[in-house]
Every structure is written in structure tokens, then in C-alpha cells.
Amino acid sequence: MSVRGMSYMALLYLDLIAQKQLPATGQLPPVLTVVIYNGESVWNAPLDVADLIPNLPDDLKRYTPSLSYMLIDEARTPVPAGNDNLL
């Protein structure tokens, strides 16, 4: 899932660039990737793509991609009280 999230984000950024939809600063917008899981078994996939890549020597670690996603596991995430929460 972390690789899929990274590819979706890259495709979004490529489309924004191609469509000339970037702000005057030329900066890409932040993206929060959220996975909502409602399966019965416990989610056990890595939350960061960096966890799928073997450790590299220290002088190469900075080239390891890292992209995390927020996991909302419906069966195991407590829902905050009140009506003004995201969950």
C-alpha cells in the first residue's frame, strides 16, 4: 500500500505540473495519504515505503525514498467523542 500511495502522489504531482496548476511559488501541495481499512485481520503492511527497502550504508541512506500514510483501522481505532471529528 505504501508503494501504491507513493505512485498515486507522483501521478497527482505530474498531472498538476502538466496542467500548469501549481501556485506562483512553483511548489507542490502537501498530500496526506489516508488508508481506511475495515478488514477483520490486523493490518500488517508497512506504513512507510522505506520499510520495504533493505538498509543501505550510511552514505547512501539519504537516497532511500520515504513516504508514510495514515492508517485508520476501523475495527481497532477508537472514535473520539463528539460530532466534530474526522472519523
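My aim in this report is to walk through the structure given alongside it, one point at a time. (Residues numbered from 1 in each chain as written. Predicted model: local features only at pLDDT ≥ 70, side-chain atom pairs only at ≥ 80, totals over all residues. Heavy atoms only, no water.)

### Structural notes on the overall build of the chain
Counting secondary structure elements, the chain contains one helix and two strands. Ordering the α and β elements of the chain from the N terminus gives α-β-β. Computed over its C-alpha atoms, the radius of gyration of the chain comes to 17 Å, more than 25% above the 12 Å expected for a compact globule of 87 residues. Overall, the C-alpha framework of the chain stretches about 40 × 40 × 20 Å when taken along its three principal axes. By the burial criterion, 17% of the 87 residues in the chain qualify as buried. Sequence separation of 24 or more characterises 55% of the internal contacts of the chain that already satisfy a separation of 6 or more. In the form shown here, the chain has an accessible surface area of approximately 6,900 Å², with 58% of it arising from carbon and sulfur atoms. Charge-centre separation for the chain: the mean point of 5 positive side chains lies 9 Å from the mean point of 9 negative side chains. (Helix = DSSP H or I, 4+ residues; strand = E, 2+ residues; numbered from the N terminus. Rg over C-alpha atoms; globule rule 2.2 N^0.38 Å. Buried < 20%, exposed > 50% of the residue type's maximum accessible area, 1.4 Å probe, protein only. Contact = heavy atoms within 4.5 Å. Areas by Shrake-Rupley, 256 points an atom, 1.4 Å probe, with all protein chains shown as cover. Lys, Arg positive; Asp, Glu negative; His and termini not counted. Charge placed at Lys NZ, Arg CZ, Asp CG, Glu CD.)

### Concerning helix α1 (residues 2–18)
Relative to the 24 Å expected for 17 residues at 1.5 Å per residue, α1 spans 24 Å between its end C-alpha atoms, a close match to the ideal helical length. Those residues of α1 that fall on the buried side of the exposure criterion are Ser-2, Gly-5, Met-9, Tyr-13 and Leu-16. Looking down the long axis of α1, one finds its buried residues gathered within 70° of arc, a one-sided arrangement. Among the exposed residues of α1, those pointing more than 90 degrees away from its buried face are Tyr-8, Leu-11, Leu-14 and Ala-18. (Expected span 1.5 Å × (residues − 1). Arc of directions from axis to C-beta.)

### A short note on the packing of aromatic side chains
Applying the stated criterion to the full structure yields two aromatic pairs. Centre to centre, the rings of Tyr-37 and Trp-43 are 4.9 Å apart; their planes meet at 65°, and the pair counts as edge-to-face. Judged by its relative accessible area of 15%, Tyr-37 is buried. Geometrically, the ring pair formed by Trp-43 and Tyr-69 is edge-to-face, given 6.4 Å between the ring centres and 85° between the ring planes. One end of the pair, Trp-43, is in the loop between β1 (34–37) and β2 (70–73); the other, Tyr-69, is in the loop between β1 and β2, with 26 residues separating them in the sequence. Through a chain of ring-to-ring contacts, three or more aromatic side chains come together here, namely Tyr-37, Trp-43 and Tyr-69. (Phe/Tyr/Trp six-rings, centres within 6.5 Å; stacked < 30°, edge-to-face > 60°.)

The values are spatial; any link to function lies outside them.
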